[in-house]
Every structure is written in C-alpha cells, then in structure tokens.
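Structure at a glance
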Amino acid sequence: MLRLILPVAGILLLSPGIAAGGVSFVDAFDVPDGAGYVGSETCLDCHDDVGEFYANSPHSPERGLAIPGTGIAGCEACHGPGSLHVEEEGDGFIIGPEILANQGQGVKVAMCTQCHTDQGLEWTGGPHAGTDISCANCHTDQVHFAGGVTPVSEFRNKGEFCLQCHPAQVTDFRLPFRHRVLEGQIDCQDCHNPHADFDQTAWNGMNSVCLECHVEMEGPFVYEHDGVSSEDCVTCHRPHGSNHDKLLITESNSMCLQCHFEQGFNAGDGWTFDGNRGHTNRLTNEARCYDCHTEVHGSNTDPNFKDR
Amino acid sequence: MKMKRTTTATVLGLALLAFALPTLAEETVDLPAQAEPIWAPTGDVIGQDNHGTATFQSKDPHGNEAKGAEDWQLVQKYSGQGLFGYFRTQENGSQYWLRGYGDNAGTGGLVGKFDLGGNIPGQFKWNIDFRDFDYFYDRTSEMRAPGFAAPPPPPELEGLPKLNWRRASIRADYRLSDQFSLVGGFNRKCRIGDKGSLLRGDTGSSVPGAKLFDTTTNEFWGGIGFATGSFGSDLNLSYRSTDGSRSLEGRHDYTDDQTRFGAKLGVSYVLSDQFKLVGHGATSKLENTGRDNVLGNTYDLNGETTTSAGQIGLLARLGKSANLAASANFRNLDTDAQTNLAADIQQATTRKRDSQDYRIGINYHGLSKTLLRLDYRYGTSNLDQTVAESDVPGGTQVGDYQVTDQSRTQQDLSFRARYRLGIAATIKARFAWRNQEIDQQGPVLSNPGNELTFWMGDRDLNRYRWELALRMRFGRWVRFDIGHQAIDQTYKRKDFGMSETTWNANRGFSNLTWTPAGGSLDLYGMFSYGVERYALTTDPVPAADMNAIDYDGSTMRFSPGANYRIGDNLSLEGHYEGIRFEDTGNDEVIKKLQADHDRMRLRAGYKLSSSAKLSVSYTRNEFDENRWDDYIHHLYAVSVSGTF
C-alpha cells in the first residue's frame, strides 16, 4: 500500500506548488504580441462553413464550451487568439490548419487534451504515442478538414474501423480459431484502449484485460501456474487468431515443452518432461499435457494442476 | 545430438504483384492497403443515414456439421439476417441512434447486437450496448498420433456443444460544469451452455470432455473528473461480482463466488508547454469464496488478493523534434488462499509479489523524412511464497511446507524507424529484444520427500523480434505493401543440464489495392507466407515414437478480389481467400498435418432506386483436412437494402 500512497501523495503535494506554472497549448506557438481573443462569432462571419460542420457537435461554437478553468472557448481554443488575424483580413496571425498539420504528434495531441484531460492522462504510453498518429487521424467526424481514415460511423463494427490501418490483424481474425471481431461480436476496444497502454495499475497488469471475461482464471488460487501469474496470457495464447484450438501459439505439447523441458532431472527414467515424474510413456500414447493437467491456469487442490 | 536448428523463412512470390504497378507517382493520402469488407452480410448499407437490410440465406452443407458450425456459426439450412440503423437529431441538437443486427443461422433463435445511444452534445451522453451470440464447438479433440490419418475417426461428443455469451453494458457521461464531470456504468456478462474441451483423459483416446458454464458477472462502476487549467484528475470506483457454476464433465464441479473492488486515481499536470506530469494510483481487492467438488470431495475455498499499484510519468517535448516519455511503475500483490475440507485446512498459501518497472521512450523526427523511436524498459519482481499443509503458513497446526523465493529481471529494448524514400514509398523497420532472467532459490522444503509445489529452478529467456516493411503508393489508385516479420526465441533451463528450446517464426506479407478513381474496376489482393518452428536443441533426443515434440508449421494465404461496376446501377464483386496450413512436425514419427481453407464469394448488386438496392450472392466455404473434419458450405443469399 505504501508504494501506492507515496507516488499519489507526491503528485498531489507537488501540484499546488507548481500550479501557477501551467500554460496552455497555444503557448507552444509564437503568438504575436498584441493578439487577443475575439470570440467565435467573429470567426464565423467569414468561416460559416466551419460553423455548419460543427452544428451538432460538442465543438459547435454556439455551445461555448471552454478549456477548463480558462474561459477560452470555441475556435480560438485550438487556433489561438484571432484579433490580429481579423484585422489583417488574410491568412496570417492565426494557428491555421496548415500550421497545425505540420506539428509533431505531441503538439497535436496537446491541442485536444486541453479539454479532454482524461485522454491526456491516458495517452502517455499508448500504442499510438510516439507515432505520427494523433487524435484527428481517427476522430475524423469531430475535427474539421481532417483526412486519413473513413469515419467509424461508416462501419458495421468498430473493429473494422481500426483494421483500416492494421491489415495484419485482419488475417489473424480469419484464422480457424479467433476472437470474432470481423463478425462484430467483439470489438478491438473491448481489449485495447486506443488512447492508452494496457493499464499498468490494473491488479494483474495486462492479463486483467483477458480476465475481464475469463474470470474463472483469475483465482486467487492456492497453486498458481507461474506462467499465468507472472507471465502474460499471450505467452501461450494468440488472442487475435490461431491455427490451433484455444488460440494456442503452437501445437499443444510443443507449447508446454518450451518451458517444461527437463531431460536431465530423472536420468533413470531416460527421457522425462516433468520435474518429478517420468513422462515418456505418457507422451507416446497420443496424450496431450492438458489431458491430465486440466487446471493449467491454477488449482486449489492440486499443485500439479490435475483434477484430484 | 543436435536437433534441427532454425531455418529462415522462404518468402515466395511477393514481388510478382509489383510488376503490374504503374510507375507514375504523385502525392496521395497515406492510407494503408485494404480489402473490401467482404465479410459483411450481403447488401449491407451502412453510414449515418437511416438504413435497413433484410437477407434470406439458404445453406447447402456437406461434411462435418460441428466443424462448420465452429468456424462459421452456421447450423440452420434456412436463415435470415437483419441490419439496421436509425439516427435522429432534435432541433436543440440532441442526437439519438439505434444500430444493430441479428440472425437466426445458429440454433434458429435470434442472436445479434444493438447499440442504443444519445447525447446532448458537450453535456451529456449515454449508451446501451447489448450482445447475444452463440459459439459452437467441434465434437472431437484430435491428436497428432502417428497413425492419425487412418480410420476409424476419433470418438466424439454427443450433440453439438454450444456456449451462449450474453453481454450488456450501460454507460453515461455527464458534464457538470467546465471543471467537473461524472461518468458511470454497469456491465453484465453471462455464459450459459457447454464448450468443447481439450481434455480427453489419460490415454488420449477417450471421448473429449465438455465444460459446462452457467455464470454471471455484474460490475458497477463510476467516476468523477476534475480539470482546471493545467491540472486534470479523475477518480474511478468499481465493484464486480461473479456467481454461478461450472463443470468439467463428470470430474470437477465448481461453484463460483467471486467479488472484486477497485479504486483508481489519475492526475495530470502541465508544467509548461514542454513538460507534463501524469500519475496513477490504484488499489483492488479480489475475493474468492467458491467451492470445488473434485472426485466426490467438496472443498470450500477462501482466497483473497489485495493489490496496490502506482505509476508516475513525465512527458517532455524536447525542442521541435523530439518527445520523451518516462515512467516508473510499482505493483504489490498480497495473496492468502486456503482450501478446506469440512472444517480442516487441506492446504494454504501466502504469496507476496512485488514488482517495479521503469520505462523511457524517445521519439525523434528532426531528420528529414525520418521518424525514430527508442524504448527501453527495465523491470524486476520478487516472489515470496509459502505453501503449507494442514494450516495456514505460520499456524500452529502446520504440517509440511515449502518456501519459494524467486526473483525476476526483465529488459525490453525496442527501436522503430521510418524513412520516406520519396513521395511514393516509405520503409519501416522495428527491432525488439527481450531478456528475462529468473533466479529461484531452493526448493526449501520442510520435508525433502514431500515437494508441495513444482519447482522450476533458474531459467533465461532471450527473444528477438523484427519487422521490415516497404509501403508504396503509386498515384491515387495503387497501394502496395510488402514486408517481413520474425521472432527468434531461446529458452534455457539452467538447473537441468542447461536444456534449451528454441522457437522461431517468420512471415512475409504483401497487400495490393488498385482502386482507379471514377473507374469501373477495383482490384485488390494479399499474399502472405509464414513459417514457425519449435525445436529442442540439446541432448538427449526424444524416444523414437515420441509424438508432437517438434512443431514445424507453415501458413500460406492468398486473397485476391475485384469489384466491377456496370453503369450506375449494377455492380459485381468477387473475392477468394485461400489458406493452407501445414505442420510437418517430425516426419519420421508423425504424419504431416495439412489443412486447406477455400473461401469464395460472388455478389451482384442492382440499385432499384436512389434509396433501395437488391443483392444476390453465392458463398462457398470449404475446409479440407487430412483428418476427419472436412466440410463444404454452399450459401445462397438474397437481400434488400434501403435508406430512409
């Protein structure tokens, strides 16, 4: 518990001390002196097409939603103060689409997370962090003039949206044993958070994603399979799809023997695969490891994960 | 004698597709190559217009019913499918939608999903998601025995195993003010039915087992968010319970009674336009008070795991060209679990696992046409575990006990690079290395003759993984990707004569899409070939009749397709997908396993009016294996789609 309390307490104690130092996304740009905020109504005098685009969205200037705690709202929340731009009556003195398009991912994401602070929290180690993908690449419905991919609303399943950029996963989901994403029964987002890494603070790390549905493997067990509790589920399973039953990574016994290979332990028995039992005869009799070791994820009654 | 060593993959035929490409290059949107979503039901109309589709399908099946049902969830000879979407926007800007689809192709009952939601933009949004699907399982659990190709077929389960998954979730987000927001929801998952198990008994030639499920999981969760200026935070609480029963037919009955409570706090603070701090803290408590009935004995279970975890991270923008992310993660798991028979403790465990994990990642895009990213992760964990008989560890009635003291160190290094060769081509590369070292003391036994848990000893793992891809765009019409992926893993057991196993996988792939803008013909295709091999690399060799020790699998996939439009009203589509999987194993003792999937769909669509479309399709799915599970499905479908 101490390890939990210390970092959290440290952050909370640190925050008030530096609270005055926070600045907005706009400060990443060289905003000219004298530029001031004019309000979205002034912007829409010329950019009425943009107002139309946003008519039914949270970004509609009419809704007046502001960056939390700043009062800066509408167009200028993302494009910066527009007074000089208005006075100039040209394309200058504003953080326009071309300038934004040439920014790195960090700046682009910072623009959105001014308001979407929860996503800012999550983005740190996410699968798309550090790439050239930013919010607008996927949220094309929400950000005007954004290109990239077909909007999610155009698809029957949310999964199909993600697979536009992940064709390798399409092939996985066509394998004989698979999670049924293409069939629409499971979405990518059921397991993956596109904004964030697997939750490092979840009780069982990455495995927690799997255990949300496969709760019976969660235990806690008296006897844990080390391969379950300290490794990842993907050590043995290919969650997207596999040629092998139960989404195993390789053919049955070959998978178990990757780790459980101990030919020297019981020399008197010739060839063995288990620490204290000779298994040669068993494995020549068409048996698989889990024919006997049925409780391979964990057991409360048998240390060797058998039914007894 | 050394066993077979790794061979590299042969990537065949990939360049052939490239010769058809036009050489004219111009700037284009950087989309990946992709095939049409041919898997969608016949005549789908989707989008943000109100729409609906009704489909009638007839199946002409041949061969193994269970395997076909497992692959495609198709059982009924005649079935219907429906798909719809309804959207409405009020004058005040509020929006509502209902989307869904369903079919009765499985057991004849209706299964499917719907998504109902609404919002007041910027203030309130809600969503209800419901899914109800049946999963079917093959009746046999087959073994790669030396003579497996010969009759008779293996024993099989009676009936067709079917497991129903029903899930529902409700979520609502409410923005109280500029600074405060609330979020909450409810999730429910039910599993009812039976599924095929890999279990077949000690001899391996018995009827496969079946697992029976009747479990329900409910979860309530809620949170509050607060943000002001540079500071953001959210607090989430959740409570989950799982009840029900499971059974491993005739051998083991389970009564589930599990609860979990969790709390998580997240904070972020923008220090400047260059630095941002983030932090998470979480705690959870998992309890299991279920019951196991094994071979006539009923055991009461009492297990509890308490977790506390924290994460603190720094995001930094280093000039205009580089970003840095660094974080430290801590997790502590404490478990106490015991099994009682009547009032007597049979065995009990105390387990403490502490782990620390430090990560740093830098990406740099200061070089022309280049993006670089380097990540490094260093983690350690310690496990202290005591398993005891007759009492909890440290108790006065303890009989024999065993202590496990294990320490782990893991390093992950990853490097990614992307270089734009020109307007039309980009090369991408990724290399990753993992090293894991596990030191395990002991075994420390109170009674050396009574080992209570399996002891693995010291072991090391080294895994290299790399990917190389060339992405090309020719004009606005042609997209072509080609690449190679590989994994090379070595696993050593230090305490057993330094035994060593290897696992290697290689895969080559290519995607081609040709979509002439405004033209009448689209072409697309994909080809991939992969090899993976598992081998033992140290003496002694296995016994001559040992089965399934080597694994040497290859998978080839070929998937071309075309769309052709005739005038404004008629469209023709054709798609083929062929997959061949082979496991050569050890040819001397195990016959080669070979499985072919041949899938084809032909579809014709005729636009009846600006808002209605009629489609007919023929689909053929064949599975051809040199064992017993062959089947062919001929599917004929007609559908009407409309927007309104």
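Computed from a predicted model, the values in this text were never measured in an experiment.

Things to note about the overall build of chain A
Assigned secondary structure in chain A consists of 17 helices and four strands. Among the 308 residues that make up chain A, the fraction classed as buried is 44%.

Here's the deal with the overall build of chain B
Check the secondary structure of chain B and you find one helix and 28 strands. For chain B, the proportion of its 644 residues judged to be buried stands at 36%. The long-range share in chain B, meaning contacts at least 24 apart out of those at least 6 apart in sequence, stands at 61%.

Points about the confidence of the model for chain B
Residue and element names in this part refer to chain B. On average, residues of chain B score 83 in pLDDT, and 85% of them reach the 70 mark or higher. Overall, residues 1-39 carries pLDDT values under 50, and its contacts beyond four positions in sequence, including any with other chains, amount to 84 contacts. With a pTM of 0.86, the predicted complex shows an ipTM of 0.86.

Quick look at the nonpolar core
With eleven residues, the main nonpolar core is built from Phe221, Val222, Tyr223 and Phe305 of chain A together with Ala337, Ile345, Ala348, Val387, Ala388, Tyr401 and Leu452 of chain B. Those elements that provide at least two residues to this core are β15 (344-364) and β16 (370-389) of chain B.

So, helix α1 (residues 65-72) of chain B
Residue and element names in this part refer to chain B. Within α1, seven of the eight residues are buried, leaving the element largely enclosed by the surrounding structure. Among the residues of α1, those classed as buried are Ala66, Lys67, Gly68, Ala69, Glu70, Asp71 and Trp72. Contact partners of the buried residues in α1: β1 (51-63), β5 (124-136), β27 (612-625) and β28 (631-643). A positive phi of about 55° marks Gln73, the residue just after α1.

Digging into unusual backbone geometry
All names here are of chain A. Looking along the chain, the bond that leaves Gly219 and enters Pro220 is cis, with omega of 0°. Within the secondary structure, Pro220 sits in the loop between α13 (207-211) and β2 (223-224). The phi dihedral of Lys246 is positive, around 60°, even though this residue is not glycine. Within the secondary structure layout, Lys246 lies in the loop between β3 (241-242) and α15 (252-259).

Comments concerning the pairing of strand β6 (residues 162-175) of chain B
Residue and element names in this part refer to chain B. Looking at chain direction, β5 and β6 are connected through 13 bridges and run antiparallel. Pairing of Asn127 across the sheet is with Arg171, part of β6. With 13 bridges connecting them, β6 and strand β7 (residues 180-196) associate as antiparallel partners. For Ile170, the partnering residue across the bridge sits in β7 and is Phe186. Counting the residues between successive antiparallel strands, the hairpin from β6 to β7 contains four residues.

A word on the environment of Ser615 of chain B
Residue and element names in this part refer to chain B. Note that Ser615 resides in strand β27. Taking the number of C-beta atoms within 10 Å as the measure of exposure, Ser615 has 22 and is therefore buried. Along the chain, Ser615 and Leu572 lie 43 residues apart, while their C-alpha atoms are 9.7 Å from each other.

Concerning the pairing of strand β26 (residues 593-609) of chain B
All names here are of chain B. Relative to β26, strand β25 (residues 570-583) is paired through 14 bridges, and the arrangement is antiparallel. In the sheet register, Leu572 faces β26, and the bridge partner there is Ala604. As paired strands, β26 and β27 are joined by 14 bridges and run antiparallel to one another. Across the sheet, Ser609 pairs through a bridge with Ala612, a residue of β27.

Brief notes about the confidence of the model for chain A
All names here are of chain A. Here chain A averages 76 in pLDDT, while 74% of its residues score no lower than 70. Between residues 1-23, whose pLDDT stays under 50, and residues either more than four places distant or in other chains, the model counts 38 contacts. In this model residues 264-270 is a low-confidence stretch, pLDDT under 50, and it forms eleven contacts with partners more than four residues away in sequence or in other chains.

A closer look at helix α7 (residues 105-113) of chain A
Among the nine residues of α7 of chain A, nine are classified as buried, and the element is accordingly described as predominantly covered. Every buried residue of α7 of chain A is listed here: Gln105, Gly106, Val107, Lys108, Val109, Ala110, Met111, Cys112 and Thr113 of chain A.

Quick look at the environment of Arg418 of chain B
Residues and elements named next belong to chain B. Locating Arg418 in the fold gives a position in strand β17 (residues 401-420). With 53 residues separating them in the primary sequence, Arg418 and Arg471 have C-alpha atoms 10 Å apart. Those residues in contact with Arg418 that lie beyond four places of it in its chain are Thr370, Leu371, Thr426 and Lys428.

Regarding the environment of Ala263 of chain B
Residues and elements named next belong to chain B. Among the secondary structure elements, Ala263 is positioned in strand β10 (residues 252-270). Residues Ala263 and Lys59, 204 residues apart in the sequence, show an inter-C-alpha distance of 50 Å. With sequence-adjacent residues up to four places away left out, Ala263 is seen in contact with Leu237, Ala282 and Thr283.

The rules behind each value
Residues numbered from 1 in each chain as written. Chains lettered and ligands numbered in written order. Predicted model: local features only at pLDDT ≥ 70, side-chain atom pairs only at ≥ 80, totals over all residues. Helix = DSSP H or I, 4+ residues; strand = E, 2+ residues; numbered from the N terminus. Buried ≥ 20, exposed ≤ 12 C-beta atoms within 10 Å, placed from the backbone. Contact = placed C-beta atoms within 7 Å. pLDDT = per-residue confidence, 0-100. Core = buried A, V, L, I, M, F, W, Y, C linked by C-beta atoms within 7 Å. Pairing = 2+ DSSP bridges.

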